[in-house]
Amino acid sequence: MLKPYHDETATELRAQFALRTYSVRMKIAVIGQSLFGQEVYKELRKDGHTIVGVFTIPDKDGKADPLATEAEKDGVPVFKFPRWRVKGQAIPEVVAQYKATGAELNVLPFCSQFIPMEVIDHPKHGSIIYHPSLLPRHRGASAINWTLIHGDRKGGFTVFWADDGLDTGPILLQRECDVDPNDTVNTIYKRFLFPEGVKGTVEAVRLIAEGKAPRITQPQEGATYECIQKKDNSKIDWNQSAEALHNWIRGNDKVPGAWAEVDGQKVTFYGSSLVDNSPTNGQPLEIPGASQPGIVTKAGLVLFGNDSKALLVKNLQFEDGKMIAAAQYFNSGSSAAVELTEEEKTFAEQMRVGILTNVTEIEDSTDFFKSGAASMDVVRLVEEVKLRASGCQLQNEDVYMNTTFQDFIQMCVRKLRGEDGEEELVVDYVSKNINNMTIKMPHQLFINGEFVDADGGKTYKTINPTDGTAICDVSLAQISDVDRAVAAAKEAFEEGEWGRMNPRDRGRLIYRLADLMEEHQEELATIEAIDSGAVYTLALKTHVGMSIQTFRYFAGWCDKIQGSTIPINQARPNRNLTFTKKEPIGVCAIVIPWNYPLMMLAWKTAACLAAGNTVVLKPAQVTPLTALKFAELAARAGLPKGVVNILPGSGALVGQRLSDHPDVRKLGFTGSTEIGKHIMKSCAVSNVKKVSLELGGKSPLIIFGDCDMDKAVRMGMSSVFFNKGENCIAAGRLFVEDTIHDQFVKRVVEEVKKMKIGDPLDRSTDHGPQNHKAHLDKLVEYCQTGIKEGATLVCGSKQVQRPGFFFEPTLFTDVQDHMYIAKEESFGPVMIISKFKSGDVDDVLRRANATEYGLASGVFTRDISKALYVSEKLNAGTVFVNTYNKTDVASPFGGFKQSGFGKDLGEKNCCFSFIHIF
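The name recorded for the protein chain in an unreviewed UniProt entry is 10-formyltetrahydrofolate dehydrogenase, from Dicentrarchus labrax. Taken from UniProt, the Catalytic activity (unreviewed entry) comment for the protein chain reads in full: "(6R)-10-formyltetrahydrofolate + NADP(+) + H2O = (6S)-5,6,7,8-tetrahydrofolate + CO2 + NADPH + H(+)".

Right, dumping it as structure tokens:
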């Protein structure tokens, strides 16, 4: 049974292998078929009921139905009657065999045969049937199809008591769900009707066993009955609105398939979705009866209703069974066959053996489906390819689109070679010749593997802080764009290739991404320099260099995220076993700051992807360009569509919607404490999503008189002025022992005077511009506050008189504990120095800890005992001893108190921050 266990970091479900028992166990006959019937059968046995017989369909092409296979494995009697009635009359021998089982209840989870009333009424408790609609609506065998064809906003299922009518018996149990606008029969079945239907059917049996099962007469009002959907009645009537056409196509997808005549042949349409802004770039396709020609675009086939609104179809199937991507309609037969290498020929022959168990000899022309293959064979074939060629990641659609053995092998080989003809990534670059190179920058949103404009075409200008000029227009994401990106990430996680991928293959893709980032390292560093003001040499080493290291580090963790077995008291004599599994959370939102645009992306995204999640990331509005370039490289590395989504935009709009979105399961944020608190509240109110926060800091650095002065000065300078002071762990306040205070200040002033302020692309520049104008203005105001409060300004505090957002490195001394600048973070190149009395270690520790922040800290001393004592007493997530700013991808990073919680980097981040434990 399942027992929940709660701790701070995760929810663990301990699966203890013992049968669930109830006060009443029944003898049950299961009558039906399919995987659904198999799952109901298994769950009924787990509940302690006795399955006295399974009645299912005969074997097809030598293959037993999954329900029959499961029951035979358990030694349960299995009956495979081809029919129960002849000319409307029950077959006596069949009924006799059924009655001999002694069933007390019939459960019909999914049954395509007509069962006579002599069987339905025979058991003590009668018979119950699962039906995939909210009765009395959509009675009949095509209930799911008609739920979608009618555009119902609510769907669901009913478990009812069987009578002599067609789905008219009293209702025992109903469950409903929302129907999404782009749901298909497959998606709603997999998301709700299958998993919840199994649970509901078993719950109905449980109610019967406990004597609590109701019998609610079906109302006549609202009752509908629709015919069975077959190929001959699923032809498309084009004289309808776009929404009605979309509902008809999705309601018949995959079976029987909505079709129309195109170019003189019957073409079936699959994968329909409504579109707001129909693409106009493409090749027209005349469709008889349609209000206007369709348009074959790179995204698919755009169709129009009689209201001039549009829908998009992804796939088409011809009369011979061949399925193609709709975007390839005009060149579907143009690709020449590739010649196989010896290794590829070996792979082909391995696949030829056993690809179809019911066909003795596979020819190149053998058609997979015409030879009797079904959907389960497709799944088996896809998994077989993964075992034999891990580099070939297939989806079920690939099999449907390459139905003959020769086409299938050609497709596999092209994928293995990286020549699979997948849709080319289209990027509308902004190009600039700068830093002795041509940089090519994407500037649109990146959603579901494509660069797209924001809803309504909204844009804003991103500014170069070096001179204050606009770099380019960037798409400004809206709430509807957030919803699209989250939906794409959810689909990629739940339905796509990413969610099914072997962890080692996932790691291989992340390694490839790191390699591509390294190939583009100079370009990324240049973009970082012009968009954020980072000094190019620092961007090359840290902003980009550490980002590459981060992705490589976490790529290595992909196949090492493991659960454990746990000894428990009940292990003997009951043979119970407890184990844990670590699994990805799902859709993760990431909101990052502007000081290290690419590195902050890497710190959070690499671990998130390594754990198997999908990502919707909002870069800082003022520094979007390296995130968008990263999106391009992720696509070129082969990360499937929807896995990475990038949304430049405002925090109030995009960040808020991500915090509130019910399909986001984790949010990682780096930024101010004030915004962090707001995000935490929104995440709690919306759906209690997991949160990790890296917030503000006022990191103390204590410098004792016995320090190495040269190192203390050098590292003290770095602790404040590194990356222009725009550094979350910057030493916000230096405590210098009075015996060396004046000497230390003098040395710092000398070093400040040597700093070269200038163009971040100049290799000799030490200090570039602040990130943006608003931040520069805040620094000027911050320093004016310090002067007014009585701190001694030694140097700096002003904007540099040149174009751009340059600010002088600043030094304050005589800073008292009550002053604003002693308590609040500047997030800029402002050194705050306070003196402390010689030998008074505990008092300086008290002063250092007298803050609500606890991100980082440091100590300089030659006395190792003192260093260890101070390190233990400082309340901070990181304590640097005789160094500063030394972070590494393998070392966890995060803060205490109002500096946030949760860790970036290190093993634990990958293994705990972005996973569930089951």
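There's plenty left to go through after this.
(A) Region of interest: the overall build of the protein chain. Helices and strands together make up the secondary structure of the protein chain, namely 28 helices and 43 strands. Each of the three principal axes of the protein chain carries a C-alpha extent, and together these read 110 × 70 × 60 Å. The burial tally for the protein chain puts 54% of its 918 residues in the buried class. A sequence separation of at least 24 residues applies to 69% of the contacts in the protein chain between residues at least 6 apart. Approximately 39700 Å² of the protein chain is accessible, and the part contributed by carbon and sulfur atoms is 50%. Taking the 105 positively charged and 116 negatively charged side chains of the protein chain as two groups, their mean positions are separated by 4 Å.

(B) Structural detail: the packing of helix α9 (residues 342-352) against helix α12 (residues 405-417). Look at α9 against α12: their axes get within 11 Å of each other, and the N-to-C directions meet at 135 degrees. Viewed along their axes, α9 and α12 adopt a mutual orientation that is oblique. The element α9 and its partner α12 pack so that their crossing is right-handed. Each of E344, F347, A348, M351 and R352 in α9 lies in contact with α12, whose residues at this interface are F405, F408, I409, C412, V413 and R417. Each residue belonging to the contact of α9 with α12 can be placed in one class, and the counts come to 8 nonpolar, no polar and 3 charged.

(C) Quick look at the sheet that holds strand β39 (residues 856-860). Taken in spatial order, the 7 strands line up as β35-β36-β37-β34-β33-β39-β40 in an open sheet, and their pairing is mixed. Each edge of the open sheet is held by one strand with a lone partner, namely β35 (792-795) and β40 (878-881). The mean angle between the axes of side-by-side strands here comes to 20 degrees, regardless of whether they run parallel or antiparallel. Looking at chain direction, strand β36 (residues 810-813) and strand β37 (residues 830-836) are connected through 3 bridges and run parallel. Within β37, the residue paired with F812 across the bridge is I832. Across the sheet, helix α22 (residues 709-721) lies against β33 (699-703), β34 (731-737), β36, β37 and β39, angled at about 130 degrees from β37, the strand it touches most.

(D) Structural view of the sheet that holds strand β3 (residues 27-31). The strand order across the open sheet built from 7 strands is β5-β4-β3-β8-β9-β10-β11, with neighbouring strands paired in mixed fashion. Either end of the sheet is taken by a strand with one partner, and the two such strands are β5 (78-79) and β11 (171-178). Against the sheet, helix α1 (residues 34-46) engages β3, β4 (50-55), β8 (105-108) and β9 (127-131), with an angle of about 165 degrees to β4. Strand contacts of helix α6 (residues 185-193): β9, β10 (154-161) and β11, with the helix running at about 120 degrees to β11, the strand carrying the most contacts.

(E) Summary view of the side chain of H741. Take H741: it is sitting in helix α23 (residues 741-754). In this structure H741 touches V736, T813, I833 and K835, once residues within four positions along its chain are discounted.

(F) Region of the structure containing the UniProt feature "site: Essential for catalytic activity" (unreviewed entry) in the protein chain. In the numbering used here, UniProt assigns the "site: Essential for catalytic activity" (unreviewed entry) feature to D167. Considering the arrangement of structural elements, one finds D167 in the loop between β10 and β11. If near-sequence neighbours (up to four positions away) are discounted, D167 is found in contact with H131, L135, R139, G140, F160 and Q218.

(G) Structural context of the packing of helix α13 (residues 479-494) against helix α20 (residues 651-660). For the pair α13 and α20, the least separation of the axes is 9 Å and the interaxial angle reads 40 degrees. Taken together, the axes of α13 and α20 lie oblique to each other. Crossing hand, α13 versus α20: right-handed. Counted together, I479, V482, D483 and V486 of α13 and L653, V654, R657 and L658 of α20 form the full contact between these two elements. For the contact of α13 with α20, the class distribution of residues is 6 nonpolar, no polar and 2 charged.

(H) Here's a closer look at the pattern of salt bridges. The full count for this structure, using the stated rule, is 43 salt bridges. The closest approach of N and O atoms between D904 and K604, which form a salt bridge, is 3.1 Å. One end of the pair, D904, is in the loop between β42 (900-901) and α28 (906-913); the other, K604, is in helix α18 (residues 597-610), and 300 residues separate them in sequence. Each of the two residues, D904 as well as K604, counts as buried. Because the salt bridges share partners, they merge into one network encompassing E523, K629, E632 and R636.

(I) Region of the structure containing the pairing of β40. With burial as the criterion, only one face of β40 is covered, namely that bearing T878 and F880; the residues V879 and V881 on the opposite face remain uncovered. The pairing of β39 with β40 spans 4 bridges and is classified as parallel. By the bridge assignment for β40, V859 is matched with V881.

(J) Expanded view of the nonpolar core. The biggest cluster of nonpolar side chains holds 101 residues, and the ones touching the most others in it are M517, F551, L609, L639, I703, L734 and F744. The element best represented in this core is α18, accounting for 11 residues. Leaving out residues up to four positions away in the same chain, L639 has contacts with W498, L509, L609, A634 and V644. V54, A71, V159 and V205 belong to the second largest nonpolar core, which has 36 residues in total.

(K) Looking closely at the packing of aromatic side chains. Enumeration according to the criterion identifies 24 aromatic pairs in this entry. Ring geometry for W594 and F827: centres 5.4 Å apart, planes at 85 degrees, overall edge-to-face. Separated by 233 residues along the polypeptide, W594 in the loop between β28 (587-591) and α18 and F827 in the loop between α25 (820-823) and β37 bring together distant segments of the chain. Of the two residues, W594 and F827, both sit in the buried class. Among the aromatic residues, those joined into a cluster by ring pairs are F36, Y130, F157, Y189, F192 and F194. The ring of F806 has R802 sitting right over it, with the charged end atom 4.3 Å from the ring centre. We note K866 situated over the ring of F704; from NZ or CZ to the ring centre the distance is 4.5 Å.

(L) How the structure looks around the side chain of T101. With respect to the helices and strands, the residue T101 is situated in the loop between α3 (92-99) and β8. At a separation of 2.6 Å, a polar atom in the side chain of T101 contacts the main-chain carbonyl oxygen of Y98. Every residue in contact with T101, bar those within four places of it in the chain, is listed here: V52, F55 and F79.

(M) Broad picture of helix α7 (residues 195-209). When the terminal C-alpha atoms of α7 are compared, their 22 Å separation across 15 residues agrees well with the 21 Å that a helix rising 1.5 Å per residue should span. α7 sits mainly inside the fold: 11 of its 15 residues count as buried. Buried within α7 are the following residues: G197, V198, G200, T201, V202, A204, V205, R206, L207, I208 and A209. Residue G211 follows α7 closely and has a positive phi angle near 70 degrees.

(N) Spatial organisation of the pairing of strand β15 (residues 294-297). Residues G294 and V296 of β15 are buried on one face, and the alternating residues I295 and T297, pointing to the opposite face, are buried as well. With 3 bridges joining them, strand β14 (residues 283-285) and β15 adopt antiparallel strand pairing. By the bridge assignment for β15, L285 is matched with G294. Pairing analysis gives 3 bridges linking β15 to strand β16 (residues 300-304), with the strands arranged antiparallel. Note on β16: the bridge partner recorded for V296 is L301. The antiparallel pairing of β15 with β16 creates a hairpin that spans 2 residues between the two strands.

Rules used throughout
Residue positions are given per chain, counting from 1 as you read along its sequence in written order. Restriction of local features to residues with pLDDT of at least 70 applies here, the model being predicted, together with a cutoff of 80 or more for giving and counting side-chain atom pairs; totals for whole chains, interfaces and linings are based on all residues. With hydrogens and water stripped out, all remaining heavy atoms of the structure feed into the side-chain values. UniProt positions are given in the numbering used here, feature names are shortened, and annotations may be inferred rather than shown by experiment. Segments assigned H or I by DSSP are reported as helices when at least four residues long, segments assigned E as strands when at least two residues long, and all are numbered from the N terminus. Classification of residues uses two cut-offs on accessible area relative to the type maximum, computed with a 1.4 Å probe and protein chains only: under 20% is buried, over 50% is exposed, and between them is partly exposed. By definition in these notes, contact holds between two residues if any of their heavy atoms fall within 4.5 Å. In these tables, accessible area is a Shrake-Rupley quantity obtained with a 1.4 Å probe, and a residue counts as shielded only by the protein chains included in the view. Neither His nor the chain ends contribute to the count of charged residues, in which Lys and Arg are positive and Asp and Glu negative. Charged groups are reduced to one reference atom each: NZ for lysine, CZ for arginine, CG for aspartic acid, CD for glutamic acid. Between N-to-C directions, angles span 0 to 180 degrees; the directions come from axes that are lines fitted to C-alpha atoms, helices contributing only their stretch in contact. Angles are sorted into four bins: roughly parallel if under 35 degrees, roughly antiparallel if over 145, roughly perpendicular if 65 to 115, and oblique for all others. In this scheme the crossing of two helices becomes right-handed for a clockwise turn of the near helix relative to the far one and left-handed for an anticlockwise turn of less than a right angle. The residue classification treats Ala, Val, Leu, Ile, Met, Phe, Trp, Tyr, Cys and Pro as nonpolar and Asp, Glu, Lys and Arg as charged. All others, Gly included, are polar. By the convention used here, strands pair only if DSSP detects at least 2 bridges between them. Definition used for salt bridges: Asp or Glu carboxyl oxygen within 4 Å of a side-chain nitrogen of Lys or Arg. Here, nonpolar core means buried Ala, Val, Leu, Ile, Met, Phe, Trp, Tyr and Cys residues that are tied together by side-chain atoms lying within 4.5 Å of each other. Aromatic pairing here means that ring centres of Phe, Tyr or Trp (its six-membered ring) are within 6.5 Å. Orientation follows from the plane angle: under 30 degrees is stacked, over 60 is edge-to-face, and everything else is tilted. Consider the ring centre and the ring normal. A charge sits over the ring if Lys NZ or Arg CZ is within 6 Å of that centre and within 35 degrees of that normal. Whenever two N or O atoms come within 3.5 Å, that pair is a polar contact, provided that in protein one can donate a hydrogen and the other can accept it, and provided that, for residues adjacent in sequence, both atoms are side-chain atoms. Expected span of a helix: the number of residues minus one, times 1.5 Å.

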